[in-house]
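Next come the chains, spelled out residue by residue.
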Amino acid sequence: MATDTPRTDRGTLDKAADENFPVAPFFLPRAWRDDLMAIYGFARLVDDIGDGDLAPGGADARHLGVPASAADDRLAMLDAFETDLRRVFDGTPAHPLLLNLQPTVRRRDLTPEPFLGLIAANRQDQQVTRYETYDDLLAYCELSANPVGRLVLAVTGTSTPERIRRSDAVCTALQIVEHLQDVAEDLGRDRVYLPAEDMKRFHVTETDLKAAHAGASLRALVAFEAQRACQLLNEGAPLVGSVTGRLRLLLAGFVAGGRAAVHAISAVRYDVLPGPPRPGKLRLLREVGVTLRGEG
């Protein structure tokens, strides 16, 4: 049984409801749900550190031993978080969410590498704010997204090289779709995840990203990147059919979440600037059915 998470950290875990995909749905065995939520807590917190979205009051900095004067220094916070993460594997961590993660790591024999990848991605966000090529963006997704799918396979005891390859495709697609949904929000953080070479090809400038609505060129670019994400989802979809039972339904939810999000982007004719297009529950359920039947 995972340790109880203190009330002060419930806000981090509560963000699971806002994701494009199910994090730890009710139909999974309790042990899986506990472990997946523990991993989600880690992943969400490291993203919040990297985005500067920590809860006010400085509790996270205090847990990590970071002085109040450095609590807004994201690189310092990430360094301290990595130090505490390493204690998960060889000692006793100080942060409640990492303390909650420790039983999962031991029970599932998890390694540090996927967790370190997620931290490295957030460090990269502090130092790299533009990506020249699509391959550069894929390399970023290798750190920022793919470790999550690998951890899901590890928790459920279903890792194989082929499943990892398919999972990486799905996770990268989900990351790209999230970037498309959040073009305006990311620009507000001085980050652009649309590859520069693609922006040049479609005659899109950063000034275009600041508008209230997307012009024709930006819509065409978003449609192009959305199609790339669809191709990755299709490449990864056979992962669903490679497993059985409740895990099959969970993985179908991941693929369906990406497909439903792409549909939401398409439904607004690729005008993502007014706000993130989000799929409705009916569309998500429809996509789950399609994915389970292998029709996607």
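Structure: see above.
Every value quoted in this text rests on a predicted model; they were computed, and no experiment measured them.

What counts as what
- Residues numbered from 1 in each chain as written.
- Predicted model: local features only at pLDDT ≥ 70, side-chain atom pairs only at ≥ 80, totals over all residues.
- Heavy atoms only, no water.
- Helix = DSSP H or I, 4+ residues; strand = E, 2+ residues; numbered from the N terminus.
- Buried < 20%, exposed > 50% of the residue type's maximum accessible area, 1.4 Å probe, protein only.
- Contact = heavy atoms within 4.5 Å.
- Areas by Shrake-Rupley, 256 points an atom, 1.4 Å probe, with all protein chains shown as cover.
- Lys, Arg positive; Asp, Glu negative; His and termini not counted.
- Charge placed at Lys NZ, Arg CZ, Asp CG, Glu CD.
- Axes fitted to C-alpha atoms, helices over the stretch in contact; angles between N-to-C directions.
- Parallel < 35°, antiparallel > 145°, perpendicular 65-115°, else oblique.
- Nonpolar A, V, L, I, M, F, W, Y, C, P; charged D, E, K, R; others polar.
- Phe/Tyr/Trp six-rings, centres within 6.5 Å; stacked < 30°, edge-to-face > 60°.
- Expected span 1.5 Å × (residues − 1).
- Arc of directions from axis to C-beta.
- Left-handed = near helix turned anticlockwise from the far one by under 90°.
- Salt bridge = Lys/Arg side-chain N within 4 Å of Asp/Glu carboxyl O.

(A) How the structure looks around the overall build of the chain. Scanning the chain for helices and strands turns up 16 helices and 0 strands. Dimensions of the chain, computed from C-alpha atoms along their principal axes, come out at roughly 55 × 50 × 30 Å. Taken across its 296 residues, the chain has 50% of its residues classed as buried. Counted over contacts in the chain with a minimum sequence separation of 6, partners at least 24 positions apart contribute 69%. Accessible surface, the chain: about 13,500 Å² in total, of which carbon and sulfur atoms supply 53%. Of the side chains in the chain, 35 bear a positive and 41 a negative charge, and the two mean positions are spaced by 7 Å.

(B) Highlighting the packing of helix α2 (residues 30-51) against helix α4 (residues 74-90). For the pair α2 and α4, interaxial distance at closest approach is 8 Å and the crossing angle is 155 degrees. One element, α2, and the other, α4, form an angle in the roughly antiparallel class. Together, Phe42, Leu45, Val46, Ile49, Gly50 and Asp51 of α2 and Arg74, Met77, Leu78, Phe81 and Leu85 of α4 make up the contact between the two elements. Along the lines of polarity and charge, the residues of the contact of α2 with α4 split into 8 nonpolar, 1 polar and 2 charged.

(C) Representation of the packing of aromatic side chains in the model. Applying the stated rule across the entire model yields 8 aromatic pairs. Their ring planes at 90 degrees and their centres at 5.1 Å tell us that Phe42 and Phe115 sit as a pair that is edge-to-face. Of this pair, Phe42 sits in helix α2 while Phe115 sits in helix α6 (residues 113-127), and the two are 73 residues apart along the sequence. You'll find Phe42 and Phe115 in the same group, each marked buried.

(D) The environment of Asp271, seen in detail. Tracing the sequence through the fold places Asp271 in the loop between α15 (245-267) and α16 (281-292). C-alpha of Asp271 to C-alpha of Ser69: the two residues are 202 residues apart in sequence and 41 Å apart in space. Excluding its chain neighbours within four sequence positions, the residues that come into contact with Asp271 are His213, Ala214 and Arg219.

(E) Main features of unusual backbone geometry. The backbone of Asp109 shows a phi angle near 55 degrees, a positive value even though the residue is not glycine. Structurally, Asp109 is set in the loop between α5 (96-108) and α6. Positive phi, normally seen in glycine, also occurs at Tyr270, with a value near 65 degrees. For Tyr270, the location among the structural elements is in the loop between α15 and α16.

(F) Fine view of helix α13 (residues 216-236). Between its terminal C-alpha atoms α13 stretches 30 Å, which fits the 30 Å expected from 21 residues at 1.5 Å a residue. For α13, the full list of buried residues reads Leu218, Leu221, Val222, Glu225, Ala226, Arg228, Ala229, Leu232, Leu233 and Gly236. Here the buried residues of α13 occupy an arc of 155 degrees about the axis, which is enough to place them on one side. Looking at the packing, one finds that the buried side of α13 touches α7 (134-144), α9 (161-181), α11 (196-201), α12 (206-209), α14 (238-241) and α15.

(G) Just the packing of α6 against helix α8 (residues 146-155), in detail. Relative to each other, α6 and α8 sit at 160 degrees, their axes nearing to 9 Å. In this view, α6 runs roughly antiparallel relative to α8, as classed from their interaxial angle. Crossing of α6 against α8: the hand is left-handed. In contact with Pro114, Phe115 and Leu118 of α6, α8 contributes Pro147, Val148 and Leu151. For the contact of α6 with α8, the residue count by class is 6 nonpolar, no polar and no charged.

(H) Structural view of the side chain of Arg163. Examined against the element boundaries, Arg163 turns out to sit in helix α9. Glu162 provides the closest opposite charge to the buried, unpaired Arg163, separated from it by 9.1 Å. In contact with Arg163, not counting residues within four places along its chain, are Leu153, Thr158, Leu239, Ser242 and Val243.

(I) Highlighting α9. Under the 1.5 Å per step criterion, the end-to-end length of α9 is 30 Å for 21 residues, consistent within 8% with the ideal 30 Å. Extensive coverage of α9 is indicated by the burial of 16 of its 21 residues.

(J) View of the pattern of salt bridges. For the structure on display, the rule yields 25 salt bridges. Note that Asp168 is salt-bridged to Arg150, the shortest N-O span being 2.6 Å. Taken together, the residues Asp168 in helix α9 and Arg150 in helix α8 connect sequence positions 18 residues apart. We classify Asp168 as buried; its relative accessible area is 12%. Given the relative accessible area of 31%, Arg150 is considered partly exposed.

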